[in-house]
Amino acid sequence: MQVNAPAPTEEDIRAIIVPLASLEGPLLPMLHALQDSYGHVPQTAVPVLADVLNLGRAEVHGVISFYHDFRDAPAGRHVLRICRAEACQSMGANSLAESTFRKLGISWHDTTRNGAVTVEPVYCLGLCACAPAVMLDDRVVGRVDDARMDKLLSEAGA
Amino acid sequence: MKIYVPIDSAAKALGADEVAETIAREAKSRGIEARIIRNGTRGMIWLEPLVEIDQGQGRIGYGPVTPEDVPALLDGKLDSLGPVEEIPFFARQTRLTFARCGVIDPLDLDDYRAHGGLAGLRRAAAMSQADIIAEVTKSGLRGRGGAGFPTGIKWKTVMEAEAPQKYIVCNADEGDSGTFADRMIMEGDPFTLIEGMAIAGLGVGATRGYVYLRSEYPDAIRVMNEAVRIARRNGVLGPDVLDSGRAFDMEIRMGAGAYVCGEETSLLNSLEGKRGVVRAKPPLPALEGFLGRPTVVNNVISLATVPVIFEKGAQTYADLGIGRSRGTVTLQIAGNVRHGGLFETGFGVTLGEIVNEIGGGTASGRPVKAVQVGGPLGAYMPANKFDTPTGYEEFDRNGGLIGHAGLVVFDDSADMLKMARFAMEFCAVESCGKCTPCRIGAVRGVETIDRIAEGDMAATELLTDLCETMKDGSLCALGGFTPLPVMSALTHFPDDFACHKEAAE
Ligand SMILES: Cc1cc2nc3c(=O)[nH]c(=O)nc-3n(C[C@H](O)[C@H](O)[C@H](O)COP(=O)(O)O)c2cc1C
Ligand code: SF4
Ligand code: FES
């Protein structure tokens, strides 16, 4: 994720989305592809998407804002998702989240000041039989206690 | 020697990758000739990483294995669990949908075939469309995604619809807390889902399929994509499915973190690239679904159960179960429970048997307080409902629902007022925004529960009214069923709502 990279040009964006235009229902795959490349969906992509898909800009914007996954600004270098759903709560997810926040001095959706970690809530990772669960980027971790969390945070440079 | 180390994400979340790496390294340094196979999980999550060693006399289980255990494991000095299929939790199951999960290498098509894979599709490929539908109907299979709608009836509607293009859409959004059966089978036996979708395609005359898979499951997405490529390369998918002269192909699509997109019409909107807002029914998706075309929308487990129905025959499947709930239920036992995991058995086993006997009670060792069955829209069942048998109608009669068959166990430290508040909060966060009782009602619900927590007991009446309004005025089950966990918490655990008052006084 190039946080300081210059804003992508229209050509950059077209190069990513045009190959997907022949899919049935191409908008979500396009948004995922953009977010994969830039760590977020750049504002400059909205008019290009609207043009390629023959949609209004407001419509494109409405889709982007509907989904929790799409960001309008880059996250930290790592994203830590802590599961907040019921099975994880039954195994102490709430206190795990609270103690993590105390350590980092941040809360949901915030990024640590050094830009290392953004913490997000997630509602179930399908790891409900080894709760509480978290995901650091694409890596899943189960039965997370404070010690395991400390290890993850230090690996992530928080 | 063959050594199996699961690649399922629950096993990975408990350290299976490190164990597999250590085994590879240690085996090499000891000069042991070992083939390491990354299988799916058997579903006994409390034993993960569950390593199995086969030296020609069956698979012996060890677990949970840590990297530090590996030298002893390879020296034959680690205590074993015995033959893995004789572990009581596993031995007492009836594994049909999950017959291969944990047994085979998920992406080895030959292994799949050697374990009964493709037999169902081969049989279906020789049948007429009407006979395929009749077979599914006869099996009694009902949708495993939550609503329990008879699969055969849905397929018949799509089969009879005239259209230039029809679709099979697999609902792999699995957003309910306490559920992981979809994930487990997609990671552990992905060809089963592909085979089920192909049979559905042949049955209704659809040549194209999509799996709408939640973005929270990157491992499942990777495995499914690879499995589709392998299936295509081997003629399981494509213009001539298993040389039948009939076409079916499919793609994997990733969701974008919206719970409501598990609702079938919201899912279709999302798949089309729109906001995941729920559509009013009619029209039924079966008649006007994806891009306005006739579409079968089925849950992963519904579709993944179809191959075994065709392999073993509808009657064999229908012979299991109770009442109108035929076949097997794929229970997911989760939360504060000693033996958590996937347990497949004929419908009819009672809630109490599942929680106390199979699950072994709580992980904390404290008494069980409540079990939420069926995800965030399901009821909190107290211990005095533990004689409820698993069955769609049986649960309904007892004020609950089976949903996707996930069970979340809570011990006596759980505060049911907080759980009720969470149910409302979740509804507020995930509402698609179309109906006021859901969008605004859920926010009011949180506020009202906060008032109860502050000692305003009059607010319980308000909460009850609000729940009535949500139930009656919501278009889909998100707004319509959130009252279920809330009211079951209030009804069965009134002390958790009253003690706050005393504390405030
Ligand atoms: C809010 C909401 C979320 C849902 N989530 C899922 C889900 O994650 N997976 C699923 O299969 N069905 C889900 N459903 C049920 C689907 O609408 C639909 O009934 C199901 O996909 C049909 O497939 P089946 O007949 O095989 O169960 C959900 C329903 C609602 C109202
Ligand atoms: S009940 Fe809620 S989620 Fe369902 S359609 Fe209405 S607003 Fe959308
Ligand atoms: S509830 Fe946390 S992983 Fe399912």
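What counts as what
- Residues numbered from 1 in each chain as written.
- Chains lettered and ligands numbered in written order.
- Predicted model: local features only at pLDDT ≥ 70, side-chain atom pairs only at ≥ 80, totals over all residues.
- Heavy atoms only, no water.
- Pairing = 2+ DSSP bridges.
- Helix = DSSP H or I, 4+ residues; strand = E, 2+ residues; numbered from the N terminus.
- Axes fitted to C-alpha atoms, helices over the stretch in contact; angles between N-to-C directions.
- Contact = heavy atoms within 4.5 Å.
- Near = heavy atom within 4 Å.
- Nonpolar A, V, L, I, M, F, W, Y, C, P; charged D, E, K, R; others polar.
- Core = buried A, V, L, I, M, F, W, Y, C linked by side-chain atoms within 4.5 Å.
- Buried < 20%, exposed > 50% of the residue type's maximum accessible area, 1.4 Å probe, protein only.
- Buried area = accessible area lost by both parts, 1.4 Å probe.
- Salt bridge = Lys/Arg side-chain N within 4 Å of Asp/Glu carboxyl O.
- pLDDT = per-residue confidence, 0-100.
- Parallel < 35°, antiparallel > 145°, perpendicular 65-115°, else oblique.
- Left-handed = near helix turned anticlockwise from the far one by under 90°.
- Expected span 1.5 Å × (residues − 1).
- Arc of directions from axis to C-beta.
- Polar contact = N/O pair within 3.5 Å; in protein donor to acceptor, adjacent residues only side chain to side chain.
- Areas by Shrake-Rupley, 256 points an atom, 1.4 Å probe, with all protein chains shown as cover.

**Student:** Residues and numbers for the sheet that holds strand β2 (residues 117-122) of chain A, please.
**Tutor:** Residue and element names in this part refer to chain A. What the 4 strands build is an open sheet, ordered β2-β1-β3-β4; its pairing is mixed. Each of the sheet's edge strands pairs with one partner strand only, and the pair in question is β2 and β4 (139-141). This sheet shows a mean twist of 20° between the axes of neighbouring strands, independent of strand direction. With 3 bridges joining them, strand β3 (residues 134-136) and β4 adopt antiparallel strand pairing. From the neighbouring strand, Met135 faces β4, where its bridge partner is Val140. Together, β1 (78-83), β3 and β4 form the strand contacts of helix α7 (residues 146-155), whose direction differs from that of β4 by roughly 160°.

**Student:** Break down the site of ligand 2 for me, with residues and values.
**Tutor:** Surrounding ligand 2, one finds 13 residues, the nearest of these being Cys432, Lys434, Cys435, Cys438 and Cys476 of chain B. Here the shell around ligand 2 is built from residues that sort into 8 nonpolar, 4 polar and 1 charged.

**Student:** Lay out the nonpolar core in plain terms, naming residues and giving numbers.
**Tutor:** Taken as a class, soluble globular proteins show a tendency for nonpolar side chains to be buried jointly. Membership of the largest hydrophobic core comes to 161 residues, with the highest contact counts inside it found for Trp155, Met186 and Leu213 of chain B. When residues no more than four places from it in sequence are discounted, the contact partners of Met186 of chain B are Ala172, Leu193, Leu213, Tyr217, Ala220, Val223, Met224 and Val300 of chain B.

**Student:** Give a detailed account of the interface of chain A and chain B, specifying residues and quantitative values.
**Tutor:** Chain A puts 38 residues into the contact, and the matching count from chain B is 62 residues. In total, chain A and chain B occlude about 3,800 Å² of area from one another, counting both sides; carbon and sulfur atoms represent 58% of this. For chain A, the biggest contributors to the area lost against chain B are Glu24, Phe66 and Glu86 of chain A; these three give 20% of the whole. On the surface where chain A and chain B come into contact, there are 2 salt bridges. Of the charged contacts in the structure, one is a salt bridge between Glu24 of chain A and Arg208 of chain B, with a shortest N-O distance of 2.7 Å.

**Student:** I'd like to hear about the sheet that holds strand β14 (residues 368-373) of chain B, residue by residue, with values.
**Tutor:** Residue and element names in this part refer to chain B. Read across the sheet, 5 strands follow the order β13-β12-β16-β14-β15 without closing on themselves; strand pairing throughout is mixed. Unpaired on one side and paired on the other, β13 (341-346) and β15 (380-382) mark the two borders of the sheet. Each strand of the sheet is rotated relative to its neighbour by a mean of 30°, with strand direction disregarded. When strand β12 (residues 328-335) meets β13, the two strands line up antiparallel, connected through 6 bridges. The residue of β13 that forms the bridge with Val329 is Thr345.

**Student:** Summarise the confidence of the model for chain B; cite the residues concerned and give the values.
**Tutor:** Looking at chain B, the pLDDT average stands at 97 and 99% of residues meet or exceed 70. Reported confidences for the modelled complex are a pTM of 0.97 and an ipTM of 0.96.

**Student:** Please provide a residue-by-residue account of the packing of helix α2 (residues 27-38) of chain A against helix α3 (residues 45-53) of chain A, values included.
**Tutor:** Residue and element names in this part refer to chain A. At a minimum axis separation of 12 Å, α2 and α3 run at an interaxial angle of 150°. With respect to each other, α2 and α3 are oriented roughly antiparallel. As α2 runs across α3, the sense of the crossing is right-handed. Residues Leu27, Met30, Leu31 and Leu34 of α2 lie in contact with α3, whose contacting residues are Ala45, Leu49, Val52 and Leu53. Residues of the contact of α2 with α3, tallied by class, amount to 8 nonpolar, no polar and no charged.

**Student:** Describe helix α2 (residues 16-29) of chain B, with residues and values.
**Tutor:** All names here are of chain B. Here α2 spans 20 Å end to end across 14 residues, near enough to the 20 Å set by a 1.5 Å rise per residue. Ala16, Val19, Ala20, Thr22, Ile23, Glu26 and Ala27 are the residues of α2 that are buried. One face of α2 carries all of its buried residues, which in axial projection span an arc of 165°. Among the exposed residues of α2, those pointing more than 90 degrees away from its buried face are Glu21, Arg25, Lys28 and Ser29. Where α2 is buried, its residues meet β1 (2-4), α1 (9-13), β2 (35-37), β3 (51-54) and α3 (70-74).

**Student:** Please set out the site of ligand 1 residue by residue, giving values where relevant.
**Tutor:** Residues and elements named next belong to chain B. Neighbouring ligand 1 are 19 residues, the closest being Gly145, Asn171, Asn298, Asn299 and Ser302. Lys154 places a side-chain nitrogen or oxygen 3.1 Å from an oxygen atom of ligand 1. Between Glu174 and ligand 1, the recorded distance is 3.1 Å, taken from a backbone N or O atom to an oxygen atom. Relative to its unbound accessible area of 610 Å², ligand 1 is 91% covered by the protein chains.

**Student:** How would you sum up the packing of helix α1 (residues 10-17) of chain A against α2 of chain A? Please name residues and give values.
**Tutor:** Packed helices, taken two at a time, are described by the angle between their axes plus the distance between the axes. Residues and elements named next belong to chain A. Between α1 and α2, whose axes approach to 9 Å, the crossing angle comes to 125°. Our classification of the angle between α1 and α2 gives oblique. Handedness of the crossing formed by α1 with α2: right-handed. Mapping the contact onto sequence places Asp12, Ile13, Ile16 and Ile17 in α1 and Met30, Ala33, Leu34, Ser37 and Tyr38 in α2. Residue composition of the contact of α1 with α2, grouped by class: 7 nonpolar, 1 polar and 1 charged.

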